[in-house]
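Fold and contact review
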There are 4 protein chains.
Amino acid sequence: MSSFTPEIEAAIDAVRQDVAALHAELVRYGLVVWTGGNVSGRVPGADLFVIKPSGVGYDELTPENQILCNLDGTVVDGTPGSERSPSSDTAAHAYVYRHMPDVGGVVHTHSTYAVAWAARGEPIPCVLTAMADEFGGEIPVGPFAVIGDDSIGRGIVETLTDHRSRGVLMKNHGPFTIGRDAKDAVKAAVMLEDVARTVHISRQLGAPAAIGAAHIDSLFDRYQNVYGQPVPGAPA
Amino acid sequence: MSSFTPEIEAAIDAVRQDVAALHAELVRYGLVVWTGGNVSGRVPGADLFVIKPSGVGYDELTPENQILCNLDGTVVDGTPGSERSPSSDTAAHAYVYRHMPDVGGVVHTHSTYAVAWAARGEPIPCVLTAMADEFGGEIPVGPFAVIGDDSIGRGIVETLTDHRSRGVLMKNHGPFTIGRDAKDAVKAAVMLEDVARTVHISRQLGAPAAIGAAHIDSLFDRYQNVYGQPVPGAPA
Amino acid sequence: MSSFTPEIEAAIDAVRQDVAALHAELVRYGLVVWTGGNVSGRVPGADLFVIKPSGVGYDELTPENQILCNLDGTVVDGTPGSERSPSSDTAAHAYVYRHMPDVGGVVHTHSTYAVAWAARGEPIPCVLTAMADEFGGEIPVGPFAVIGDDSIGRGIVETLTDHRSRGVLMKNHGPFTIGRDAKDAVKAAVMLEDVARTVHISRQLGAPAAIGAAHIDSLFDRYQNVYGQPVPGAPA
Amino acid sequence: MSSFTPEIEAAIDAVRQDVAALHAELVRYGLVVWTGGNVSGRVPGADLFVIKPSGVGYDELTPENQILCNLDGTVVDGTPGSERSPSSDTAAHAYVYRHMPDVGGVVHTHSTYAVAWAARGEPIPCVLTAMADEFGGEIPVGPFAVIGDDSIGRGIVETLTDHRSRGVLMKNHGPFTIGRDAKDAVKAAVMLEDVARTVHISRQLGAPAAIGAAHIDSLFDRYQNVYGQPVPGAPA
């Protein structure tokens, strides 16, 4: 049985609610079937993260049955949900949190078009302004890796470190996305499938036109700095 | 703080309701993901238009959080929603309203099949009677343009002025549609994606048969003048 | 103002309810967008049919706003809904009812995959057992015809008379289906799009295997005579 | 009129509830249209199974109108639902239950992508880790067989006996899946369509990379033994 400060308990509860609720976005955008796919979120101020239980249906997810893990991927005993197994991808999420301290959320799906590119081991070229905005260039491919050790996590981290893209296509497997928090990683998963589908469909009837590197840079820079509502407390 | 006549206030309120509600049609027809896409509507009798706030989810849109803008694209201070930023595409909408006085509504999406044609920079040929009805010919491509100045708005206006089509595919970006009012522009966005998808799929297995220009003319003319219910007060 | 016997009034009311409700199946299966598409049903025992009003949204359809027409396609004055215009495809439906006395329902949509075949003017080959069951062979193509006279109706009737298929792909336009009643025609519209999509997708990666004519005959014969629940009063 | 022990009655009721409810998953994942498709479940401890009635809509299915059958495919007289005809695929389900004693559930659909492969008579190659997990290799093709005798059931059994895959693509027809129980067979039907779609789409733009046989073996072995929550009472 673990005991945390009230501040950490409150932070855990907030992440449990976010993670449980954000799984509904994977369903809404058709990124998952059956019990596949998973979202996790880091607990701010603690070496902890919250992740989906393994093999549980999307209709049954609640804040209480999400699973609290240490950054080595072990379940924190005695906490709500700890009688269940965490997602079978927990080791990969944990590896990312250990090695990418700015990452606050990780998402994994087998979304159709992203997996289609991953099965060919082919990066998605940046031919859409929305892709330049969101990913700053192509979506890269990570190595083939099987579950059971750190090779998936290592592949994600090696591919995304110092890369603009918040998404990687693990070869023959599927996409992992990262973000500032769980919501940002879910947004990346949604946008990644959207661009994977659109570029696929465009290429079915010919070659999409390239966007010049300078244009990609300016679109990415502007979107990261200007889009959306002002963040309270941020410089105007 | 602005003050308007009661007539203008009533017109603003009506457009706020229309614009907020019409965003649901973009969701219903799968034209948008996350917070992407936007609808605006001109306020009849005033140099004003109403547009979606930037980066706000489709479930959270209300008449009150739509944003009232002047035709130069600046937010009207002190009006509901004015504490937020308007859509990042506001400058393009404003440019259209300034230069196309008959346009009462503008819609922008990244709908999949329309963007697929836009990424190749290829107009959609008119091979469907429904496309002749609605667009009177092909859907044209507008120039590549980056956000941040008037180049998107100028590209839309130059492409659609004196063109039958109410929709343009901005290269590597996506469709903009215009209409008599916001609803008409939303209908054009829905129909544009429908024809973009259908012609794409048809061409996957061979060349669609062309429709002769005279047939296109007669279909377009009839549809614009006969289809739908009689407009109250219009000539019989 | 028309007056009918109570039996005919009851039959009209029943068809109004069926036709209004069956439009929801077009939405459910994604066969229509905006106000496109239409269902009609013949009134048993009378030279009348009921059809969707023109340009009215699918959420607004009720038994009372469906429109009662004579078999020449004119609206029966003074009946509910008669202040509105019937579907712009009414003349085609009327032509079918006049020339195919066993037809009790007609459906028209612009469903994506059926229109994709229609745009190429290519019949859908019978390569699925479900297609043999339901259509008894290929889905034929009808002639290019523009709205405004009897040429669409004539094209449907000439193509489907003495053909097993209850559906025709009107060239560059889209599918029309017929049935014993409105529900049967709607089922044919749903199944037609399903086979149009499946055969399209199969052919994207190679040639589907043909089914021999004798097998098609036996599947069609069995399905027409055995499938489903026993009809009350029918021979056992 | 049959009479069963209370234990068997309870088991029948449980399977009726499962089978009726599981049909909703076929709708949710878009595997069926109109009244097509069917789920059945074996009654544990008895030579009985429960199956969908023929030609009845998915909105109308209840535990009480599912049909109880003997393993020869005949309806058990005097039981709820027995006044109706069982699914037209009942003989095939019965054949599977008679010849594969470990099978507790059978599902048949005409899901689009699975049928697309079946129409070409082409097995789905194992190029996704999720496919290795779930099916342990390729999805095989079964022989062309027409309804009306045991040839469909025989084709399923001959193809799946001693095969890792829980799904078979019957040529020109569609997929049948099997499982420990009805839910497991439904999961297989959902996953089969998912991999059929993803591999199809991947191959549209080039050849997916193969996964080595040793990797497939280790993924399959791990997934069958580790994934999901611990089964109560199972060895730790």
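Residues numbered from 1 in each chain as written. Chains lettered and ligands numbered in written order. Predicted model: local features only at pLDDT ≥ 70, side-chain atom pairs only at ≥ 80, totals over all residues. Heavy atoms only, no water.

So, the overall build of chain A
To be explicit about the condition: Numbered from the N terminus, helices here are DSSP runs of H or I no shorter than four residues, and strands are runs of E no shorter than two. Only C-alpha atoms enter the radius of gyration, while the globule expectation follows 2.2 Å times N to the 0.38, with N the number of residues.
For chain A, the count of helices and strands is 7 helices and 7 strands. Taken from the N to the C terminus, the helices and strands of chain A come in the order α-β-β-β-α-β-α-α-β-α-β-β-α-α. What you see for chain A is a C-alpha radius of gyration of 18 Å, in line with the 18 Å of a compact globule of 236 residues. Once the C-alpha set of chain A is aligned to its principal axes, its extents read approximately 60 × 45 × 30 Å.

A closer look at the pairing of strand β4 (residues 105-108) of chain B
Residue and element names in this part refer to chain B. What counts, and what does not: Accessibility here uses a 1.4 Å probe with only protein chains present; expressed as a share of the type maximum, an area under 20% marks a residue as buried, one over 50% as exposed, and anything in between as partly exposed. One requirement defines pairing of two strands: DSSP has to find at least two bridges between them.
With burial as the criterion, each face of β4 is covered, one bearing Gly105 and Val107 and the other bearing Val106 and His108. Looking at chain direction, strand β1 (residues 38-42) and β4 are connected through 4 bridges and run antiparallel. Among the inter-strand pairings, Val39 is bridged to a residue of β4, identified as Val107. As defined by bridge partners, β4 adjoins strand β7 (residues 174-179) across 4 bridges and the pair is classed as antiparallel. Of the residues in β7, the one forming a bridge with Gly105 is Gly179.

Thoughts on the interface of chain A and chain D
In plain terms, the rule: Contacts are assigned to residue pairs with any non-hydrogen atoms lying within 4.5 Å of each other. Reported buried area values correspond to the accessible surface (1.4 Å probe) lost by two parts on association, with both partners' losses combined. Any carboxyl oxygen of Asp or Glu within 4 Å of a side-chain nitrogen of Lys or Arg constitutes a salt bridge here. Two N or O atoms form a polar contact when they lie within 3.5 Å of each other; inside protein one atom must be a possible hydrogen donor and the other a possible acceptor, and for residues adjacent in sequence the pair counts only when both atoms belong to side chains. Polar here means any residue other than Ala, Val, Leu, Ile, Met, Phe, Trp, Tyr, Cys and Pro, which are nonpolar, and Asp, Glu, Lys and Arg, which are charged; Gly is therefore polar.
Across the boundary between the two partners, chain A contributes 27 residues, which contact 32 residues of chain D. The junction of chain A with chain D conceals about 2,700 Å² of combined surface from both sides, 60% of it contributed by carbon and sulfur atoms. Inspection of the region where chain A meets chain D yields 1 salt bridge. In this assembly, chain A and chain D are joined by 10 residue pairs in polar contact (both at pLDDT 80 or more). Those elements giving two or more residues to the side of chain A that touches chain D turn out to be α3 (112-120) and α6 (182-204) of chain A. Among the elements that make up the side of chain A that touches chain D, the one with the highest residue count is α3(A) (6 residues). Of the residues assigned to the side of chain A that touches chain D, the class counts are 11 nonpolar, 11 polar and 5 charged.

Things to note about the interface of chain B and chain A
Contact with chain B, which involves 27 residues of that partner, is made by 32 residues of chain A. With both chains or domains summed, chain B and chain A bury close to 2,700 Å², and 60% of this area falls on carbon and sulfur atoms. Counting across the interface, chain B meets chain A through 1 salt bridge. Of the charged contacts, one joins Asp59(B) and Arg28(A) as a salt bridge, the two residues approaching to 2.8 Å between their closest N and O atoms. Run the count over chain B and chain A and you get 10 residue pairs in polar contact (both at pLDDT 80 or more). If you list the elements that add at least two residues to the side of chain B that touches chain A, you get α3 (112-120) and α6 (182-204) of chain B.

A word on the UniProt feature "domain: Class II aldolase/adducin N-terminal" (unreviewed entry) in chain A
The condition is simple: UniProt positions are given in the numbering used here, feature names are shortened, and annotations may be inferred rather than shown by experiment.
The positions UniProt marks with the feature "domain: Class II aldolase/adducin N-terminal" (unreviewed entry) are residues 17-200 of chain A. Secondary structure over residues 17-200 of chain A splits into 36% helix and 16% strand, and the C-alpha atoms at its two ends are 35 Å apart.

Some points on the relation of the copies chain A and chain D
The condition is simple: Superposition of the copies used a least-squares fit over C-alpha atoms from residues whose pLDDT is at least 70 in both.
For the pair chain A and chain D, the relating rotation is 90 degrees, the translation along its axis is 0.0 Å, and the fit reaches an RMSD of 0.0 Å. Expressed as a symmetry operation, the mapping of one chain copy onto the other fits a four-fold axis. If distances are taken from each C-alpha of chain A to the rotation axis, the shortest is found for Gln204(A), at 5.3 Å.

Some details on the relation of the copies chain B and chain A
Its rotation angle being 90 degrees, the transformation that places chain B on chain A also includes 0.0 Å of axial translation and leaves an RMSD of 0.0 Å. When the interface residues of chain B are mapped onto chain A, a mere 4% of them are again interface residues, pointing to distinct binding faces.

Overview of the confidence of the model for chain A
Residue and element names in this part refer to chain A. Put simply, the rule is: pLDDT expresses, on a scale from 0 to 100, how confident the predictor is about each individual residue.
Confidence in the prediction for chain A averages 94 pLDDT; 94% of positions are at 70 or higher. Counted against residues more than four places away or in other chains, residues 231-236, with its pLDDT under 50, gives 0 contacts. Interface scoring of the predicted complex returns ipTM 0.94; its pTM is 0.95.

A few points about unusual backbone geometry
All names here are of chain B. A positive phi angle, near 60 degrees, is found at Asp162, a position not held by glycine. Within the element layout of this structure, Asp162 appears in the loop between α5 (151-160) and β6 (167-170). Look at Asp162 and you get exposed, because its relative accessible area is 80%.

Quick word on the pattern of salt bridges
Residue and element names in this part refer to chain A. Using the criterion set out here, one finds 44 salt bridges over all chains in the structure. A salt bridge links Arg166 to Asp184; its shortest N-O distance comes to 3.0 Å. One end of the pair, Arg166, is in the loop between α5 (151-160) and β6 (167-170); the other, Asp184, is in helix α6, and 18 residues separate them in sequence. Judged by its relative accessible area of 10%, Asp184 falls in the buried class. Salt bridges sharing common partners tie together Glu134, Arg166, Arg180, Asp184 and Lys187.

What to know about the sheet that holds strand β4 (residues 105-108) of chain A
Think of a sheet as strands paired side by side through backbone hydrogen bonds, with each pair either parallel or antiparallel. Residue and element names in this part refer to chain A. Formally: Helix axes are fitted only over the stretch in contact, all axes being lines through C-alpha atoms; the angle between N-to-C directions runs from 0 to 180 degrees.
Within the open sheet, the 7 strands sit side by side as β3-β2-β1-β4-β7-β6-β5. Their pairing is mixed. Looking along the sheet, the strands with just one partner apiece sit at the ends: β3 (67-70) and β5 (141-142). Summarising the sheet, β5 and β6 pair through 2 bridges and their orientation is parallel. Paired with Val141 across the bridge in β6 is Leu169. Of the strands in this sheet, β1 (38-42), β2 (48-51), β3 and β4 touch helix α1 (residues 6-28), which is tilted by about 155 degrees from β1.

Concerning the side chain of Thr112(C)
Tracing the backbone through its elements, the reader meets Thr112(C) in helix α3 (residues 112-120). Those residues in contact with Thr112(C), other than ones at most four positions away along the chain, are Asp194(B), Arg197(B), Thr198(B), Ile201(B) and Glu193(C).

Description of helix α2 (residues 90-99) of chain C
A large share of α2(C) lies buried, amounting to 7 of its 10 residues. Those residues of α2(C) that sit buried are Thr90(C), Ala92(C), His93(C), Ala94(C), Tyr95(C), Val96(C) and Tyr97(C).

A look at the sheet that holds strand β2 (residues 48-51) of chain C
Residue and element names in this part refer to chain C. In spatial order, the strands read β3-β2-β1-β4-β7-β6-β5; together these 7 strands make up an open sheet with mixed pairing. Whereas interior strands pair on both sides, the edge strands pair on one side only; in this sheet they are β3 (67-70) and β5 (141-142). With 4 bridges connecting them, strand β6 (residues 167-170) and strand β7 (residues 174-179) associate as antiparallel partners. Within β7, the position partnered with Leu169 by the bridge is Pro175. The sheet contacts of helix α5 (residues 151-160) involve β5, β6 and β7, and relative to β6 the element is tilted by about 135 degrees.

Concerning helix α6 (residues 182-204) of chain C
Residue and element names in this part refer to chain C. Test applied: Working rule for helices: expected span equals 1.5 Å times residues minus one.
Across its 23 residues, α6 extends 33 Å between first and last C-alpha, which sits within 8% of the 33 Å expected from 1.5 Å per residue. With respect to burial, α6 is a largely interior element, 19 of its 23 residues being buried. Just downstream of α6 lies Gly206, where phi reads positive at about 145 degrees.

With respect to the packing of aromatic side chains
Put simply, the rule reads: Aromatic pairing here means that ring centres of Phe, Tyr or Trp (its six-membered ring) are within 6.5 Å. Orientation follows from the plane angle: under 30 degrees is stacked, over 60 is edge-to-face, and everything else is tilted. Two thresholds decide whether a charge sits over a ring: the Lys NZ or Arg CZ must be within 6 Å of the ring centre and within 35 degrees of the ring normal.
Counted by the stated rule, this structure contains 8 aromatic pairs over all chains. Between Trp34(A) and Tyr29(D), the aromatic rings sit 6.4 Å apart at their centres with planes inclined by 40 degrees, giving tilted as the arrangement. With Trp34(A) in the loop between α1 and β1 and Tyr29(D) in the loop between α1 (6-28) and β1 (38-42), this pair bridges two chains. By relative accessible area, which is 13% here, Trp34(A) ends up buried. On the numbers, 4.9 Å between centres and 35 degrees between planes, the contact of Phe49(A) with Tyr97(A) is tilted. Separated by 48 residues along the polypeptide, Phe49(A) in strand β2 and Tyr97(A) in helix α2 (residues 90-99) bring together distant segments of the chain. Across the pair, exposure class does not vary: Phe49(A) and Tyr97(A) are buried alike. It is Arg120(A) that lies over the ring of Trp117(A); its NZ or CZ is 4.9 Å from the centre.

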